[in-house]
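# Overview (structure and organization)
Residue strings, one per chain:
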There are 2 protein chains.
Amino acid sequence: MKYCFGVDIGGTTVKIGLFTTEGELLEKWEIKTRTENHGEAILPDVAESLQNKMQEKNIRKSEVDGIGIGIPAPVMEDGVVQKTANLGWGYKEVTREMKELTGLPVAAGNDANMAALGEMWLGAGKGQKNMIMVTLGTGVGGGIIVNGKPLAGSHGAGGEIGHFCVNEEETETCGCGNTGCLEQYASATGISRLARRRLERDDSPSPLRGSEISAKAVFDALKEGDAVAKEIVEEFGSYLGHALAAIAVITDPSVIVIGGGVSKAGEILLEYVEKYFHEKAFFANQDTRFVLAQLGNDAGICGAAKLIL
Amino acid sequence: MKYCFGVDIGGTTVKIGLFTTEGELLEKWEIKTRTENHGEAILPDVAESLQNKMQEKNIRKSEVDGIGIGIPAPVMEDGVVQKTANLGWGYKEVTREMKELTGLPVAAGNDANMAALGEMWLGAGKGQKNMIMVTLGTGVGGGIIVNGKPLAGSHGAGGEIGHFCVNEEETETCGCGNTGCLEQYASATGISRLARRRLERDDSPSPLRGSEISAKAVFDALKEGDAVAKEIVEEFGSYLGHALAAIAVITDPSVIVIGGGVSKAGEILLEYVEKYFHEKAFFANQDTRFVLAQLGNDAGICGAAKLIL
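Every residue gets a number counted from 1 within its own chain, in the order that chain's sequence is written. Ligands are numbered from 1 and chains lettered from A, in the order in which they are written. Per-residue local features of the predicted model are confined to residues with pLDDT of at least 70, and side-chain atom pairs are confined, for both listing and counting, to 80 or more; whole-chain, interface and lining totals are unaffected and use all residues. With hydrogens and water set aside, each side-chain value is computed from the structure's full complement of heavy atoms.

## A few points about the overall build of chain A
Convention followed: Secondary structure is summarised from DSSP: a helix means a run of H or I of at least four residues, a strand means a run of E of at least two, and numbering begins at the N terminus for each. For this measure, only C-alpha atoms enter the radius of gyration; the expected value for a globule follows 2.2 Å times N^0.38, where N is the number of residues. Here the term buried applies to any residue with accessible area under 20% of the maximum for its type, exposed to any over 50%, and partly exposed to those in between, with areas from a 1.4 Å probe on protein chains only. Residue contacts are defined here by distance: any two heavy atoms, one from each residue, within 4.5 Å place the two residues in contact. Note on areas: Shrake-Rupley with a 1.4 Å probe; residue coverage comes only from the protein chains shown. Positive charges come from Lys and Arg alone, negative charges from Asp and Glu alone, with His and the N- and C-terminal ends not counted. Where a charge lies is defined by one atom per residue type: Lys uses NZ, Arg uses CZ, Asp uses CG and Glu uses CD.
Broken down by element type, chain A carries ten helices and twelve strands. For a compact globule of 309 residues, the expected C-alpha radius of gyration is about 19 Å, and chain A comes in at 20 Å, within 12% of that figure. Along the first, second and third principal axes, the C-alpha set of chain A runs to 65 × 45 × 35 Å. Within the span of chain A, comprising 309 residues, buried residues form 60% of the whole. By sequence separation, contacts in chain A at least 24 residues apart represent 60% of the contacts at least 6 residues apart. On chain A, roughly 12600 Å² of surface is accessible, and the fraction owed to carbon and sulfur atoms is 47%. One way to put it: in chain A the 30 positive side-chain charges average out to a point 3 Å from where the 42 negative ones average out.

Here's what the structure looks like:
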């Protein structure tokens, strides 16, 4: 039996998984992400944790195919990161450093792309080779799989679906500096913003009034039959569905996987997105399937592990 | 020296090129596309023409790496076409049939993707691995290169840039059945349509009045300093530039190549597209370069030849 490691580096914790090369997740654990001093301890901490695990499990170096690493930043093909928003790193040769620390083969990629790859390997996109994954969390992340491989692009910035422009009329600014990005409407915070705007427009009664507004509250109210919540979800669905139709005409996926905290709303979310997708999709893309992500927080370590295989 | 053939099948003629595997175009010629009887003669005609050329040049089968074929339709990865708009073909196993006819290795792809691959191999995208190519002709064609390979997608319908939605308010219908496709604004006919709409709006004087309106006439008037033509080209530039910014956030190209008849307007066209691209592009894509296509009508045979290598 051969092994590989999948590592998903986040701003507060690093998730690590030990896999067989056949795709069985044997064990997973977390360590703290120490971002102080430009995050200089992060990779050594990971290396140490992997070596401890190998010792504990009596796994020899020759039995490990390698280490895949997901990073919350654009990652160049050669495993170089130019800048990260929340790890403290500036320019960093991630794969080279990790190779030196462990003596094992290393590959690195963007964390959203790794999550997509993970869902393709072991989750909702199993058996598919052309896939779009959208992660609806605090922000909107994306990963695109083309012919079985993550679309990294020339700067490692491929598949930045959250910053796909969906509204040229928007006046509020997105975190990226542009206006009208998908993230401003389809993330958890985006849905709350749509809800607040809708509630301010008139006085129509809704259980959403008076309580704290969240994406979850909106979908809960929708499930209770609230008409105002339905309007908000229709608007969310039209932004996301139309954006996915436009992205599909470019990447021609067989399946679109929707994950992230917001997707916990369940199948009802897909309904509203699919309706608007079909309204705008090119005829060749009309048979694209929509599915909910299956791996949750494990998608990142799964995809990272797959990257090294 | 080893050889390969690039074949570009169009609705009226088939273009064929004989290449060295190093990328020298040794000879090119055309044969008629016989579309009658469901286009049953097309592939046998091509095979005969290739065999005649090999005989003429004293080229043995063992010296030919293979045949690449570009087809004006979606092409699946296994070289199967489901339907063509103007060759008469229904379901057709193109690579299998051509292999049987010639005894040589065969690969097939969509013609717009082949043109993009050709520009990457021998033209404006030389040395690049991530590229968008847009062909502005009667329609708008597109080809996307990801990590050196054409993005074919799950139905062979990847990179259909002409049917990327750029205007949700449009009421006129595109040839594909949708409304607001890029092709309705950025093709030669699209630019004429923008021009007619602009001229009808008021009486401002312009050399475009009274003469036949064409994309060429609009760009010629722009070069003469006509203010109305400038407004039309600004509108064209904003549709195409914003669309390319949105596509770039998905595919992260290092270079965008613009070709087709409309691109004969020259560098001035790039100026107007780039301006609007930068207005909307994600920060990571701001250094994407714009260049005019270099291979003209040869792009298709070049890319087809490259596909087999």
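Don't stop here, the text continues.
## Structural notes on the pattern of salt bridges
All names here are of chain A. Put simply, the rule reads: Note on definitions: salt bridges are taken to be side-chain nitrogens of Lys or Arg within 4 Å of carboxyl oxygens of Asp or Glu.
Scanning the model with the defined rule gives 44 salt bridges over all chains in all. Note that E170 is salt-bridged to R197, the shortest N-O span being 2.8 Å. A residue pair is termed long-range when its members are at least 10 positions apart, and E170 in the loop between β10 (149-150) and α5 (183-186) and R197 in helix α6 (residues 188-201) qualify at 27 residues. Classification of E170 by relative accessible area gives buried; the value is 7%. For E231, the salt bridge is made with R198, and the minimal N-O distance between the two is 2.6 Å. Here R198 lies in helix α6 and E231 lies in helix α8 (residues 227-251), a separation of 33 residues in the sequence. For R198, a relative accessible area of 5% corresponds to the buried category. Residues joined by salt bridges that share partners form a network here, namely R198, R201, D202, R209 and E231.

## Focus: the relation of the copies chain B and chain A
Rules: What sets the superposition is a least-squares fit of C-alpha atoms, and only residues with pLDDT of at least 70 in both copies go into it.
Its rotation angle being 180°, the transformation that places chain B on chain A also includes 0.0 Å of axial translation and leaves an RMSD of 0.1 Å. The relationship between the two copies is best expressed as a two-fold rotation axis. Across chain B, the smallest distance between a C-alpha and the rotation axis is recorded for B:I247, namely 3.8 Å. Most of the interface of chain B is mirrored in chain A: 100% of its interface residues are interface residues there too.

## Describing the pairing of strand β12 (residues 289-292) of chain B
Each regular strand displays side chains that alternate between the two surfaces of the sheet. All names here are of chain B. Applicable threshold: DSSP calls a pair of strands paired once it identifies at least 2 bridges connecting them. The handedness of a crossover follows from its direction of travel: if, with the strands pointing away from the viewer, the path from the first strand over the helix to the second runs clockwise, the crossover is right-handed.
Bridge analysis of strand β11 (residues 255-259) against β12 gives four bridges, and the strand direction is parallel. Pairing of I256 across the sheet is with F290, part of β12. Tracing the backbone out of β11, into helix α9 (residues 267-280) and back to the parallel element β12 gives a crossover that is right-handed.

## Considerations on the interface of chain B and chain A
A common way to report how large an interface is uses the accessible area buried once the components associate. Threshold: We define buried area as the total accessible area lost by two parts upon association, computed with a 1.4 Å probe and summed across both. We define a polar contact as two N or O atoms separated by no more than 3.5 Å, with the added condition that, inside protein, one atom must be a possible hydrogen donor and the other a possible acceptor, whereas residues neighbouring each other in sequence contribute only through side-chain atom pairs. The residue classification treats Ala, Val, Leu, Ile, Met, Phe, Trp, Tyr, Cys and Pro as nonpolar and Asp, Glu, Lys and Arg as charged. All others, Gly included, are polar.
Facing 40 residues of chain B, the contacting portion of chain A comprises 40 residues. A buried area of about 3200 Å², summed over both sides, lies between chain B and chain A, and 56% of it is on carbon and sulfur atoms. Of all residues in chain B, the largest losses of buried area upon contact with chain A belong to B:I250, B:D252 and B:K280, amounting jointly to 20% of the total for that side. On the surface where chain B and chain A come into contact, there are two salt bridges. Residue B:E77 pairs with A:K129 through a salt bridge whose shortest N-O separation is 3.5 Å. Our enumeration of links across chain B and chain A arrives at 29 residue pairs in polar contact (both at pLDDT 80 or more). Going through the elements one at a time, β9 (140-146), α8 (227-251) and α9 of chain B are the ones with two or more residues in the side of chain B that touches chain A. Among the residues making up the side of chain B that touches chain A, the classes are represented as 18 nonpolar, 14 polar and eight charged.

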